Amino acid sequence: MVKLTEIARAIRTSKIWKSIFRHTYQDTPRNRALMILSNVFLHLHPVKVRPASLRFRYTWGLGGLSFYLFLLLTVSGVLLMFYYRPTVEHAYWDMKDLRFAVSFGPFMRNIHRWAAHLMVFLVMFHMASVFYRSAYKPPREYNWVVGVILLLITFLLSFTGYLLPWDQLAIWAVTVGTNMAANAPILGSEGPFSIVTPDNDARFILLGSKLVGQSGLLRFYVLHCVLLPLAFIIFVSVHFWRVRKDEFSAVPLPPAEERRKGVRPEEWLKKNPQALQEKVFTWPNLVSREFVAALAITAILTLWSVLAHAPLEGLADPNKTPNPSKAPWYFVGLQELLVYFDPWLAGVVLPTMILVGLMAIPYLDSNPLGVGYYNFRDRKFSVGMFTYGFTLWFVLIFIGYYMRGPGWEIFMPWEPWDHFRPTSQIGLHNMPNGLGLLFLAGYGGLGLILPKFLFKDFYKTMGPIKYLIVMVFVLGMFFVPAKIILRNFFKIKYIVSFPDFSFNL
Ligand code: HEM
C-alpha cells in the first residue's frame with residue numbers, strides 16, 4: 001500500500017509543484033508565527049492560543065462557522081444579484097429563471113437560502129454556548145452586547161431577504177412582520193399613544209407605503225444587500241477585535257483524577273497559575289481545525305442544496321391572503337405571542353425586552369465563577385433562567401410553525417387542516433378588571449417578595465436594584481406560560497382590559 005505521506009511528498013517534489021511554490025515551508029516555530037503574522041486574513045488570530053481553546057466541545061466552532069456562513073452568503077448573494085431585479089414585474093420571474101434557465105441557478109439559490117437559515121440557527125446557539133461557559137463575564141461584557149447586536153442584524157438580514165422572491169410566502173410573511181411595526185407605541189399608527197398616521201408611521205418607513213409593494217421591495221433589497229451587510233461587517237469587526245484583545249476565554253481544566261475528586265478549575269488554577277501560560281501555535285493547530293469545520297459545513301450545505309429546493313410558491317397576490325400566513329420561523333414565536341398579548345406588546349414591547357434583557361445579562365450577573373468552562377453547579381439560577389427562556393422561545397416557534405393551522409387554530413402536526421372547525425375563541429372572556437388588577441398585584445407582589453425571603457443569599461449578593469431588575473425580567477418570562485394556561489384552560493382572554501388605552505394584558 002502506498003502511504004498518503006509518500007503521495008504528498010511525491011506531489012511536493014514534482015516539477016509542477018515546484019514551478020508554482022518556489023520556496024519550501026520549513027516547519028519552524030518562527031515560520032509558524034510568520035504564517036499568522038504575515039497573512040492579512042489569518043492575523044485576526046493571535047500567534048499562540050491556550051490548548052483549551054482547541055477543544056471542539058468548548059465552542060463547537062459556532063462563532064467561526066457563523067462568520068464563514070456570512071462569507072458564503074455574501075458570495076452566493078452577489079452571484080444571485082447578477083440575475084435578480086428588485087421590481088414587482090421581474091422579481092418572481094427572475095426566481096423562476098434561476099430555477100429553470102440559469103446554469104447552477106437552483107444550486108446558487110438553494111445554498112443562499114439554506115445557509116441563511118443555518119446562520120440564524122448557529123448564531124443563536126453560539127450565543128447559548130457563550131452563555132453556558134460564562135464567556136460574557138468580565139472582561140467580555142461589552143463583546144456580549146456587540147454579539148446581541150449581531151444577533152439582531154442576522155435576524156434582520158434573513159427577514160429582509162425573505163421578501164425578495166416576491167411569492168405568496170414572501171409578501172405575507174413580511175406583511176405579518178411589518179404589521180407589528182404599525183402597532184408600535186407612539187410611532188405606529190395602530191399602537192397605543194400614537195402620534196402618527198398610516199402615511200408616516202414605522203411601517204410606512206419600512207415599506208415606503210401602507211402595504212407591501214414596489215417601494216417595500218426596493219427598500220428591503222437595499223437593506224438586504226447594502227445597509228445590513230455593512231452594519232454586520234462593522235459590528236463583526238468590533239466583535240473579532242474584542243475577542244482578540246480579551247483573549248479566548250477557555251481555561252485549562254484540572255487533570256481528570258483531580259476533577260473526579262471534585263477539585264474546581266478556579267481553585268486548581270490558583271495553585272497552578274503556570275497552566276494559564278501554556279500555549280501552542282495557532283498555525284497549524286487552530287487554523288487546521290477551522291479549515292476542517294468549514295469543509296464539513298460546506299459539504300453539509302452542498303448536499304442539502306442538491307437534495308432540497310428553496311421554496312417558491314405562486315406569484316405574490318395582495319388580494320389572496322393565505323390562511324394561515326406565517327412569519328419566518330425565527331419570528332413565529334413572536335407571532336404565536338400575538339394570540340395571548342396585544343400586538344404592541346407581542347410585536348414591540350416583548351422583543352425589545354428580550355433584546356435589552358439579553359444585553360443586560362453580563363451587568364446583572366454578579367457571580368464571578370465559571371469563566372472559560374462549562375459550569376452549572378455554581379450558576380444554578382442564571383443557567384436555569386437562560387435555559388428556560390431559550391427553551392420557551394423554541395417551544396413557541398414549534399407551536400407556531402408546526403401546530404397552527406387555518407384561523408391560527410391549534411392542529412396536531414398529524415391532523416388534517418379542517419377550515420370549517422369551530423373556532424376556539426368561542427367562550428373566551430375577560431377577567432373583571434378589579435379581579436384582574438388584584439391578580440396582577442398578587443403575581444408581581446409575591447413574585448418580588450417570595451424569592452427575597454426564600455433565597456436570602458441570592459438577594460444579598462444582588463442588592464435591591466439589581467434584584468428588582470432581574471425579577472422584572474424573570475416575572476415577565478413566567479407571565480407567558482401563565483397567560484397560555486389562563487387562555488387555554490380557563491378561557492380567559494385578558495386579565496385586565498382597557499381598550500380605550502389599547503392596554504389589554
Ligand atoms: C453573526 C454573528 C456572530 C459571529 C460571526 C460571531 C463570531 C465569533 C467568533 C469567531 C468568536 C471566537 C470563537 C468562539 O468563541 O466561538 C466569538 C466569540 C464570542 N462571541 Fe460571537 N459571534 C456572533 C454573534 C454573537 C452573539 C449573538 C453573542 C452573544 C450574544 C456573541 C458573543 C461572543 C462572546 C462573548 C465571545 C467571546 C467568547 C470567548 O472568548 O470564549 N457572539 N464570536
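Please refer to the structure higher up on the page.
Here the structure is a predicted model, which means the values were calculated and not measured.

**Here's the deal with the overall build of the protein chain**
And step 1. What the protein chain contains, in helices and strands, is 21 helices and four strands.
And step 2. Taking the principal axes of its C-alpha atoms as reference, the protein chain extends roughly 80 × 65 × 45 Å.
And step 3. Looking at the protein chain residue by residue over its 505 residues, the buried ones come to 44%.
And step 4. Positive and negative side-chain charges in the protein chain, numbering 49 and 29 respectively, have mean positions lying 10 Å apart.

**What about the coordination of the iron atom of the ligand?**
And step 1. Around the iron atom of the ligand, the donor atoms from the protein are His-126 (NE2) and His-239 (NE2), and they sit 2.1 Å away.
And step 2. Taken together, the six donor atoms surrounding the iron atom of the ligand define angles of 87 to 179° at the centre, an arrangement classified as octahedral. Pair noted here: His-126 is in helix H7 (residues 105-132) and His-239 is in helix H11 (residues 214-246), with a separation of 113 residues, a long-range link.

**Some details on the site of the ligand**
And step 1. Close contacts around the ligand come from 27 residues, with His-126, Arg-133, Gly-147, His-239 and Ser-249 the closest.
And step 2. Within the side chain of His-126, one N or O atom sits 2.9 Å away from a nitrogen atom of the ligand.
And step 3. For the ligand, a nitrogen atom lies 2.8 Å from a polar atom in the side chain of His-239.
And step 4. If you list the elements that add at least two residues to the shell around the ligand, you get helix H5 (62-81), H7, helix H8 (141-163) and H11.
And step 5. Per-element accounting of the shell around the ligand gives the leading share, six residues, to H8.

**A few points about the side chain of Asp-342**
And step 1. Tracing the backbone shows Asp-342 in the loop between helix H16 (329-337) and helix H17 (343-364).
And step 2. For the buried residue Asp-342, which engages in no salt bridge, the nearest side chain bearing the opposite charge is Lys-493, 7.3 Å off.
And step 3. In this structure, Asp-342 is in contact with Tyr-494, Ser-502, Phe-503 and Asn-504, ignoring residues within four places of it in sequence.

**Remarks on the packing of H5 against H11**
And step 1. As a packed pair, H5 and H11 sit with axes 12 Å apart at the nearest point and diverge in direction by 155°. Judged by the angle between their axes, H5 and H11 are roughly antiparallel. H5 and H11 meet at a crossing whose hand is left-handed. The residues of H11 that touch H5, namely those facing Phe-67, Phe-70 and Met-81, are Tyr-221, Cys-225, Pro-229, Phe-232, Ile-233, Val-236 and Phe-240.
And step 2. A class-by-class count of the residues in the contact of H5 with H11 yields ten nonpolar, no polar and no charged.

**A word on the packing of aromatic side chains**
And step 1. Counted by the stated rule, this structure contains 36 aromatic pairs.
And step 2. A centroid spacing of 4.9 Å and a plane angle of 80° characterise the contact between Tyr-459 and Tyr-467, whose relative ring orientation is edge-to-face.
And step 3. For Tyr-467, a relative accessible area of 4% gives the class buried.
And step 4. A cation over a ring is seen here: Arg-133 above Tyr-58, with NZ or CZ 4.6 Å from the ring centre.

**Section: the packing of H5 against H7**
And step 1. Packing of H5 against H7 leaves a shortest axis separation of 9 Å and a crossing angle of 155°. Comparing the axis directions of H5 and H7 gives the class roughly antiparallel. Here H5 and H7 pass one another in a crossing that is left-handed.
And step 2. For the contact of H5 with H7, the per-class residue count stands at 16 nonpolar, seven polar and one charged.

**Brief notes about a nonpolar patch on the surface**
And step 1. Side chains of Val-2, Leu-4, Ile-7, Ile-11, Ile-16, Trp-17, Ile-20 and Phe-21 sit close together on the surface and give an oily, nonpolar patch of about 840 Å² of accessible area.
And step 2. Where the nonpolar patch is concerned, the elements lending two or more residues are helix H1 (4-12) and helix H2 (15-20).
And step 3. Judged by its relative accessible area of 44%, Phe-21 falls in the partly exposed class.

**Thoughts on empty space enclosed by the protein**
And step 1. Considering all chains together, one arrives at one cavity of 30 Å³ or more under this definition.
And step 2. Taken as a whole, the largest cavity encloses approximately 40 Å³ of empty space.
And step 3. Taken together, Met-95, Leu-98, Arg-99, Pro-106, Arg-109, Asn-110, His-309 and Ala-310 make up the full set of residues lining the largest cavity.
And step 4. For the lining of the largest cavity, the elements supplying multiple residues, two or more each, are helix H6 (91-100) and H7.

Conventions used here
- In this numbering scheme, every chain counts its residues from 1 along its sequence in written order.
- Totals for whole chains, interfaces and linings use all residues, but because this is a predicted model, local features are given only for residues with pLDDT of at least 70 and pairs of side-chain atoms are given and counted only at 80 or more.
- Derived side-chain values reflect all non-hydrogen atoms in the structure, with water molecules and hydrogen atoms excluded from consideration.
- Secondary structure elements are taken from DSSP: a helix is a run of H or I of four residues or more, a strand is a run of E of two residues or more, and numbering for both begins at the N terminus.
- The buried label goes to any residue with under 20% of its type's maximum accessible area, the exposed label to any with over 50%, and the partly exposed label to all in between, with areas taken from a 1.4 Å probe on protein chains only.
- Residues scored as positive are Lys and Arg, those scored as negative are Asp and Glu, and His as well as the terminal groups of each chain are ignored.
- Charge positions come from single atoms, namely NZ of Lys, CZ of Arg, CG of Asp or CD of Glu.
- Only nitrogen, oxygen and sulfur atoms qualify as donors, provided they sit within 2.8 Å of the metal or within 3.2 Å for Na, K and Ca; with water excluded from the atoms, sites may seem incomplete.
- Key to geometry: four donors with every angle between 85 and 135 degrees are tetrahedral; four donors are square planar and six octahedral where opposite donors lie over 155 degrees apart and all remaining angles lie between 65 and 115; all other sites are irregular.
- Any residue with a heavy atom lying within 4 Å of a molecule or strand is counted as near it.
- For this analysis, a polar contact is any N or O atom pair within 3.5 Å, provided that within protein one partner can donate a hydrogen and the other can accept it, and provided that sequence-adjacent residues contribute only side-chain to side-chain pairs.
- In the sections that follow, a salt bridge refers to a side-chain nitrogen of Lys or Arg positioned within 4 Å of a carboxyl oxygen of Asp or Glu.
- Only heavy atoms enter the contact rule, under which two residues are in contact if any of them lie within 4.5 Å.
- Axis angles are defined between N-to-C directions and span 0 to 180 degrees, where every axis is a line fitted to C-alpha atoms and, for a helix, only to the segment in contact.
- If an angle is under 35 degrees, it is roughly parallel; if it is over 145, roughly antiparallel; if it lies from 65 to 115, roughly perpendicular; otherwise it is oblique.
- Definitions for this section: a left-handed crossing has its near helix turned counterclockwise from the far helix by less than a right angle. A right-handed crossing has that turn clockwise.
- Ten residues, namely Ala, Val, Leu, Ile, Met, Phe, Trp, Tyr, Cys and Pro, are considered nonpolar, four, namely Asp, Glu, Lys and Arg, are considered charged, and the remaining ones, Gly among them, are considered polar.
- Ring geometry is summarised as follows: Phe, Tyr and Trp rings, the Trp one being its six-membered ring, pair when their centres sit within 6.5 Å, and such pairs are stacked at plane angles under 30 degrees, edge-to-face over 60 and tilted between the two.
- Over a ring means this: the NZ of a Lys or the CZ of an Arg is within 6 Å of the ring centre and within 35 degrees of the ring normal.
- Think of a patch as exposed residues, more than 30% relative accessible area, with no salt bridge, where like charges cluster within 9 Å and nonpolar side chains (Val, Leu, Ile, Met, Phe, Trp, Tyr) cluster within 5 Å.
- Exposure was quantified through the Shrake-Rupley algorithm and a 1.4 Å probe, taking into account, for residues, occlusion by the shown protein chains and nothing else.
- Here the term cavity refers to a set of points on a 1 Å grid, laid over the protein atoms alone, in which a 1.4 Å probe fits but cannot get out; the term pocket refers to an open set having protein on both sides within 12 Å along at least five of seven lines, with lining residues being those that place an atom within 4 Å of a point.
- Grid points are joined across faces, edges and corners, and a volume is the space filled by probe spheres set on the points.

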